[in-house]
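Residue strings, one per chain:
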Amino acid sequence: MKKLVLLGIILLAVAAVAQNNISLPAGTSVKVKLENALTTFSSKSGDPFSARVTEAVMLDGKPVIPIGATVQGRVTKASEPRRIAGKPTLAIFPETVVLPNGEHYMLNATLVDTSVRNGTDVNDEGQFKGKGYDGKDMTEIGMGTGGGMLVGGLIGGGKGVLIGGAVGATATVAHWLGKKNSATLPAGTELVMELSRPLAMTAATGGQ
């Protein structure tokens, strides 16, 4: 009888330890909603960000990271090159997940998708890329060239058309090249992250 009681106590202890030693595998998706806006023109490397979990992360049918948990991290890159140099880039690094009860765990995850569209994307390195130049920019250059040709034609006839077009194109292209494209992740943007490493949620790693 004593042996059965002892065995029962051991099994209960093992079950308790198992419940307190949860590990989410790498590749697990975490869906959150950004709480503060991030932009290439105002954010800088090291700036903090915060996001709320919008869909419970489940393991074996049980919620491990509940809705309302907070993911905290920092900006690692905010680049806003001139149009000719490439696309604007935002990179973030999630560092911690804080559960509603105050427990917090180290998090290593990568951004894989956002709800922002309109020519933006997330590359293989987890960087949010804004849109580059497009048809509207080409139209702008074309309108500048056409305007220059019209003015030149009125002043100097056929030769003036060529000169005016060249001047118009040069001025418009210079203006276009001088502009910068921006990228923005507004507050409320939905983000999808994937764990880069297993997330161990144990009594040893959690804390108040």
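Residues numbered from 1 in each chain as written. Predicted model: local features only at pLDDT ≥ 70, side-chain atom pairs only at ≥ 80, totals over all residues. Heavy atoms only, no water.

Regarding the overall build of the protein
1) Next: Assigned secondary structure in the protein consists of 2 helices and 15 strands.
2) Next: The buried share of the protein, reckoned over its 208 residues, is 32%.
3) Next: Look at the contacts in the protein between residues 6 or more apart in sequence, and 66% of them connect residues 24 or more apart.
4) Next: Surface exposure of the protein reaches about 11900 Å², of which carbon and sulfur atoms provide 61%. (Helix = DSSP H or I, 4+ residues; strand = E, 2+ residues; numbered from the N terminus. Buried < 20%, exposed > 50% of the residue type's maximum accessible area, 1.4 Å probe, protein only. Contact = heavy atoms within 4.5 Å. Areas by Shrake-Rupley, 256 points an atom, 1.4 Å probe, with all protein chains shown as cover.)

Description of unusual backbone geometry
1) Next: The phi dihedral of aspartate 60 is positive, around 55°, even though this residue is not glycine.
2) Next: Tracing the backbone shows aspartate 60 in the loop between strand S5 (57–59) and strand S6 (62–65).
3) Next: Under the relative-accessibility criterion, aspartate 60 is labelled exposed at 75%.
4) Next: In this structure, asparagine 118 takes a positive phi of about 55° despite not being glycine.
5) Next: Tracing the backbone through its elements, the reader meets asparagine 118 in the loop between strand S10 (109–114) and strand S11 (121–122).
6) Next: Overall, the relative accessible area of 59% leaves asparagine 118 in the exposed class.

Examining the pattern of salt bridges
1) Next: Under the definition given, this model contains 5 salt bridges.
2) Next: Here glutamate 55 and lysine 31 are joined by a salt bridge, their closest N and O atoms 3.6 Å apart. Here glutamate 55, found in the loop between strand S4 (48–53) and S5, pairs with lysine 31, found in strand S2 (residues 29–34); they are 24 residues apart in sequence, far enough to count as distant.
3) Next: Exposure remark for glutamate 55: the relative accessible area of 42% places this residue in the partly exposed category.
4) Next: Two residues, aspartate 113 and arginine 117, come together in a salt bridge whose shortest N-O distance is 3.7 Å.
5) Next: For aspartate 113, a relative accessible area of 33% corresponds to the partly exposed category. (Salt bridge = Lys/Arg side-chain N within 4 Å of Asp/Glu carboxyl O.)

A short note on the pairing of strand S14 (residues 190–195)
1) Next: Burial along S14 is one-sided: the face carrying Leu191, Met193 and Leu195 is buried and the face carrying Glu190, Val192 and Glu194 is not.
2) Next: Alignment of S2 against S14, held across 5 bridges, turns out to be antiparallel. Following the sheet pairing, valine 32 is matched in S14 by leucine 191. (Pairing = 2+ DSSP bridges.)

Quick notes on the confidence of the model for the protein
1) Next: On average, residues of the protein carry a pLDDT of 77, and 62% of them reach 70 or more.
2) Next: Across residues 4–19, where pLDDT falls below 50, the model places 0 contacts with residues more than four positions away in sequence or in other chains.
3) Next: Within the model, pLDDT remains below 50 along residues 144–155, and this stretch shows 18 contacts once partners closer than five positions in the same chain are excluded. (pLDDT = per-residue confidence, 0-100.)

Brief notes about the side chain of asparagine 181
1) Next: Examined against the element boundaries, asparagine 181 turns out to sit in the loop between helix H2 (135–178) and strand S13 (184–185).
2) Next: Taking relative accessible area as the criterion, asparagine 181 reaches 11% and is therefore assigned buried.
3) Next: For asparagine 181, the side chain forms a polar contact with the main-chain oxygen of lysine 131, separated by 3.4 Å. (Polar contact = N/O pair within 3.5 Å; in protein donor to acceptor, adjacent residues only side chain to side chain.)

Things to note about the pairing of S4
1) Next: Strand direction decides the pairing type here: S2 and S4, joined by 3 bridges, are antiparallel. Bridge pairing in S4 places valine 32 opposite valine 53.

Description of the nonpolar core
1) Next: Ranked by internal contacts, the top residues of the largest apolar core, which has 31 residues, are Ile65 and Leu199.
2) Next: Mapped by element, the contributors of at least two residues to this core are S2, S4, S6, strand S7 (70–79), strand S8 (89–98), S10, S14 and strand S15 (199–202).
3) Next: Ignoring sequence-local partners within four residues, the contact set of isoleucine 65 consists of Leu24, Val53, Glu55, Ala56, Val57, Val97, Leu99, Leu199 and Met201. (Core = buried A, V, L, I, M, F, W, Y, C linked by side-chain atoms within 4.5 Å.)

Here we look at the environment of isoleucine 67
1) Next: Of note, isoleucine 67 is situated in the loop between S6 and S7.
2) Next: Residues isoleucine 67 and proline 100, 33 residues apart in the sequence, show an inter-C-alpha distance of 8.7 Å.
3) Next: Those residues in contact with isoleucine 67 that sit more than four places away from it in its chain are Val53, Thr54, Glu55, Ala56 and Pro100.

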